[in-house]
Amino acid sequence: MLSNTEILQTINMIDQQHLDIRTITMGISLLDCCDPSPERACKKIYDKICRKAEHLVQTGEDIEKEFGIPIVNKRISITPMALVAGASETSDYVPFAVAMDRAAKTCGVNFIGGFSALVQKGMTAADRKLIQSIPEALAVTDFVCSSINVGSTRAGINMDAVRLMGETVKKTALRTADRDGFGCAKLVVFCNAVEDNPFMAGAFHGVGEADSIINVGVSGPGVVYHALQSVKGRPFDEVAETVKKTAFRITRMGQLVAREASQRLDTPFGIVDLSLAPTPAVGDSVARILEEMGLEVCGTHGTTAALALLNDAVKKGGVMASSSVGGLSGAFIPVSEDEGMIAATRSGVLTMDKLEAMTCVCSVGLDMIAVPGSTTAETIAAIIADEAAIGMVNNKTTAVRIIPAPGKKVGDTVEMGGLLGTAPVMPLHTESSADFIARGGRIPAPLHSLKN
Amino acid sequence: MHAIVTVIGKDRVGIIADVCALLAKNKVNVLDISQTVMQEYFTMIMMVDVTAAEIPFAELVRLLEDEGKLLNLTIHAQREDIFNAMHRI
């Protein structure tokens, strides 16, 4: 029998501490939608997404109601579009993004990910066409997210793709200049991208996956923050234990919702992604968890160690609570989406260099960072290269989602709206990396890639 | 199917009666009930059986929420599974 304390604890987590299921994401394979005619391919893509995800939003809302747990987002991820569009005789891939966007609107989801290409070792003609279509595709669609994988521990870093992505990020910002470069908030450059990530903007449905699948992302920085208040001043062993216990509870709930959604939608259950994903709401911040561990402001010395402990304890607690853990699992540090990080950036304590160090131990990478509009394509490419190197050498996923907001300078603010939040423009090093990026070629994979 | 109904709000006469009347009208059986008053705040937790209910569970959740707004109380009804998942292995 459940005790009253347990029941009220759960209700407090949901009502006061922002506990929620961040996303139910349906992964859909579009490999059977290839067609030499781009028009026919787009029709097949639209039809298949709508057929598979017809009941996704309604089911999410039903579960939300019955279990009394908010399910914030319902989303769709698809096969990397370069693989599907490659079969069509066309050089313009924008219509494929438009088809994705239409399908997302019909299904009622708020993002669709997978306008993607995997180019860690080399680029096909289709990959190149897709990358060239990104600025326009992200400008003319509302819900389409794009991701490009430019490196991996096994393959090394494709520096030609890195250079191209530096230019693409820049073009995307300029093409959406009327919205402060908003297009860049929907564009991620990965190293070691995962195939079952339910979180945007980097979600895509890997080719190793089933025809369709349900992945669930849980969240709950507020719950962890609240739990840590009960161990003020105690040694780190106790901090880690507290985070583990909390992560276990959160993930059990995610597993329950994932199973239920999978059953109701008659779609196999994929993974639960146990990520601490902050929102701009007060009390839902990862930065405040780090500060609760004893740091005056997130970004000061000690921040990387605190984040390392948090990221590891979240995984250890969560992994026992779900039959299948995957995705990105850990702690996200998206600057504009985290109330504490926004404050730390404004105060000048949290800098780009510290964030880069933090990405060595967090679950992904440099995320939702606004930089001056004058930043060159080469500098953005160099940031991508640094981040990819961290991912490649450390065998982890890293990513860059950066917004060179046109016309904005350090001290200005970029309003993204909703869950994407507010980004104070951060200073970067202004010394040139142009000659470094101009080299191109490939940075070889590290020695430890040879595991066979 | 079992569900947990929680009622939280300022204490006054007849809270239990009001909530139970609504449950009875919809053929929801109360299995267990416990209540306490903490700092003038009334907290009631009920375990109910909704197997015989004539309306879908989601509809019952909505009715209870509306009743809560009317009575100036916070009323949640949630499937028992979520609490078991979180607190029992």
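A quick note: this is a predicted structure, and the numbers were derived from the prediction, not measured. (Residues numbered from 1 in each chain as written. Chains lettered and ligands numbered in written order. Predicted model: local features only at pLDDT ≥ 70, side-chain atom pairs only at ≥ 80, totals over all residues.)

Visitor: I would appreciate a short explanation of the environment of K74 of chain A in the present structure.
Guide: Residue and element names in this part refer to chain A. By the secondary structure assignment, K74 is in strand 2 (residues 71-78). Residue K74 is classed as buried on the basis of its C-beta count, with 24 C-beta atoms lying within 10 Å. Separated by 33 residues in the primary sequence, K74 and C107 place their C-alpha atoms 9.6 Å from one another. Beyond its immediate chain neighbours, meaning those up to four positions away, K74 contacts I24, L56, V57, G60 and V109. (Helix = DSSP H or I, 4+ residues; strand = E, 2+ residues; numbered from the N terminus. Buried ≥ 20, exposed ≤ 12 C-beta atoms within 10 Å, placed from the backbone. Contact = placed C-beta atoms within 7 Å.)

Visitor: Would you mind going over the sheet that holds strand 3 (residues 41-49) of chain B with me for this structure?
Guide: By way of backbone hydrogen bonds, the strands of a sheet pair with one another, either parallel or antiparallel. Residue and element names in this part refer to chain B. Ordered in space as 2-3-1-4, the four strands form an open sheet in which the pairing is antiparallel. Since the sheet does not close on itself, it has two edges, and those belong to strand 2 (29-38) and strand 4 (73-79), each with one partner. For this sheet the average axis-to-axis angle between neighbouring strands, irrespective of direction, equals 15 degrees. Each of strand 1 (2-10) and strand 4 touches helix 2 (residues 57-71); the most contacted strand, strand 4, lies at about 165 degrees to it. (Pairing = 2+ DSSP bridges. Axes fitted to C-alpha atoms, helices over the stretch in contact; angles between N-to-C directions.)

Visitor: How should I be thinking about the nonpolar core in this particular structure?
Guide: The nonpolar side chains of soluble globular proteins are, as a tendency, buried together. Residues and elements named next belong to chain A. Counting residues in hydrophobic clusters, the biggest one holds 177 residues, and the most contacted among them are M100, I112, V150, I384 and I403. Top contributing element to this core by residue count: helix 9 (residues 236-264), with 10 residues. When residues are assigned to domains, this core turns out to be shared by domain 1 (21-191) and domain 2 (216-449), each giving three or more. Apart from residues no more than four positions distant in its own chain, I384 is found in contact with V150, V162, M165, G166, V189 and V400. (Core = buried A, V, L, I, M, F, W, Y, C linked by C-beta atoms within 7 Å. Domains from an automatic or database assignment.)

Visitor: Just to check I follow, could you spell out helix 2 (residues 38-53) of chain A for this structure?
Guide: For an α-helix the count is 3.6 residues per turn, leaving residues at separations of three or four pointing the same way. All names here are of chain A. Spanning 16 residues, helix 2 covers 22 Å between terminal C-alpha atoms, matching the ideal 22 Å at 1.5 Å per step. Inspection of helix 2 places A41, C42, I45, I49, K52 and A53 among the buried residues, and these make up the whole buried set. The arc that holds every buried residue of helix 2, seen down its axis, measures 115 degrees, which confines them to one face. Along helix 2, the residues that are exposed and aim more than 90 degrees away from the buried face are E39 and R51. Residues of helix 2 that are buried sit in contact with strand 1 (21-28), helix 3 (56-67), strand 2, helix 4 (81-85), helix 5 (94-107) and strand 7 (212-218). (Expected span 1.5 Å × (residues − 1). Arc of directions from axis to C-beta.)

Visitor: Whenever I open this one, the environment of A185 of chain A confuses me. Can you help?
Guide: Residues and elements named next belong to chain A. Inspection of the secondary structure assignment puts A185 in the loop between helix 7 (159-175) and strand 6 (187-191). Spatially, the C-alpha atoms of A185 and I443 are 27 Å apart, while their sequence positions differ by 258 residues. In contact with A185, not counting residues within four places along its chain, are M368, R401, I403, M416 and L420.

Visitor: Looking at this structure, how should I read the domain arrangement of chain A?
Guide: By a widespread convention, an interface's size corresponds to the accessible area lost as its parts come together. Residue and element names in this part refer to chain A. One can read the domain layout of chain A as domain 1 (21-191) and domain 2 (216-449). Of note, the centres of domain 1 and domain 2, computed from C-alpha atoms alone, are 21 Å apart. With 45 residues of domain 1 at the interface, the matching set in domain 2 holds 51 residues. For the side of domain 1 that touches domain 2, the secondary-structure elements that each account for two or more residues are strand 1, helix 3, strand 4 (144-152), strand 5 (156-158), helix 7 and strand 6. The greatest single-element share of the side of domain 1 that touches domain 2, amounting to 11 residues, is contributed by helix 7. Considering only residue class, the side of domain 1 that touches domain 2 consists of 25 nonpolar, 13 polar and seven charged. (Nonpolar A, V, L, I, M, F, W, Y, C, P; charged D, E, K, R; others polar.)

Visitor: Just to check I follow, could you spell out the environment of V28 of chain B for this structure?
Guide: Residue and element names in this part refer to chain B. The residue V28 is located in the loop between helix 1 (15-25) and strand 2 in this model. In the structure, V28 is positioned 24 residues away from A52 in sequence and 6.6 Å away in space, judged by C-alpha atoms. Not counting chain neighbours up to four residues away, the residues in contact with V28 comprise L23, V48, V50, A53 and L60.

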